[in-house]
Amino acid sequence: MTFASRIGPMVPSDPAPLYVQFARLLREAIAGGVLEEGAALPAERDLAIEFGISRITIRKAMAELVEEGLLVRRRGAGTTVSRRIEKSFARISSFSEDMIARGRSPSSSWISRAAGLVMPEEAMQLGLSPGAPVLRFHRVRHADEIPMALEFSTIPGWCLPGIEDVTDSLYTALDATGHRPTRALQRLRAVPVLGNHARLLGIDPGSPGLLIERCGFLRDGRAVEFTQSFYRGDAYDFVAELTDL
């Protein structure tokens, strides 16, 4: 079965620009489940031949869907249908727990793990005095081996015996010592992913992203976590349930 027979042909009588028509075909195929999450698209050259349009037209249509978060482009790996993940704000959960709950396989690539002294912003968020010891955990978070987020976590030194205690999940390590957060304050804002952050996530510099700052607390009110996470805007939807109560 050809790709055109799967998603439908171009319509010569359609007055819309060719890239708009092709983008519409792809968008409808994704929405209708014809193109499933993670499905690889043929090369631009092959699509241009099959649909009888230029590679520039193909590229422009795909760029539009990448911007919408429906397609993902990775250097050396081609273009695939986005595998979006919904993250709920209704409960405190770790990245690993979120991925496992969605049938994904979580993993991490360490950027750095280090003990040090608290910095001013960390001290303000964690309520620590100047010079207090902290543990920092910086890593790339993956789902099914695809980079999804950058995570920069700082916790007070008294929460864990040492940096080696965190292997896969920070929350699992904190739970083992009785210091897992029971409530958290989070702030989310849209940001462009730049420089080294974009390189680590395998996306183009300037791509849209989401920055979440989380401060986690114990039941007694002590802060035990300050995390800044940069999520790929093309892979995550954040969902919150609202009521009138």
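The notes below deal with the structure included here. In this text the structure is predicted, and so the values were computed from the model without any measurement. (Residues numbered from 1 in each chain as written. Predicted model: local features only at pLDDT ≥ 70, side-chain atom pairs only at ≥ 80, totals over all residues. Heavy atoms only, no water.)

Notes on the packing of aromatic side chains
Within a pair of aromatic rings, the relevant descriptors are the distance that separates the centres and the angle that separates the planes. Rule in force here: Geometry of aromatic contacts follows a simple scheme: Phe, Tyr and Trp rings, the Trp one being its six-membered ring, pair when their centres are within 6.5 Å, and the pair is stacked under 30 degrees between planes, edge-to-face over 60, tilted otherwise. Numbering of helices and strands runs from the N terminus, with a helix taken as a DSSP run of H or I at least four residues long and a strand as a DSSP run of E at least two residues long. Exposure categories follow from relative accessible area, calculated using a 1.4 Å probe and restricted to protein chains: below 20% of the type maximum is buried, above 50% is exposed, and the middle band is partly exposed.
Counting across every chain of the model gives 4 aromatic pairs. For the pair Phe-22 and Phe-51, a centre-to-centre distance of 5.0 Å together with 70° between the ring planes defines the contact as edge-to-face. Separated by 29 residues along the polypeptide, Phe-22 in helix α2 (residues 18-31) and Phe-51 in helix α3 (residues 44-51) bring together distant segments of the chain. Relative accessible area serves as the criterion here: at 0%, Phe-22 is assigned to the buried category. Each ring, one from Phe-152 and one from Phe-230, has its centre 6.1 Å from the other, and the planes form 80°; the classification is edge-to-face. Highlighted residues: Phe-152 in strand β6 (residues 146-156) and Phe-230 in strand β9 (residues 223-232), separated in sequence by 78 residues. Accessibility classification places Phe-152 together with Phe-230 in one group, the buried group.

With respect to the sheet that holds strand β4 (residues 106-117)
The criterion, for reference: Pairing between strands requires that DSSP locate at least two bridges from one strand to the other. Helix axes are fitted only over the stretch in contact, all axes being lines through C-alpha atoms; the angle between N-to-C directions runs from 0 to 180 degrees.
Judged by pairing direction, the sheet is antiparallel, and its 6 strands sit side by side in the order β4-β5-β6-β9-β8-β7 without closing on themselves. Strand pairing shows two members of the sheet lacking a second neighbour, β4 and β7 (183-193), which therefore form its edges. Neighbour to neighbour, the strand axes of the sheet diverge by 15° on average, direction disregarded. The sheet contact formed by β6 and β9 spans 6 bridges and is antiparallel. Among the inter-strand pairings, Phe-152 is bridged to a residue of β9, identified as Gln-228.

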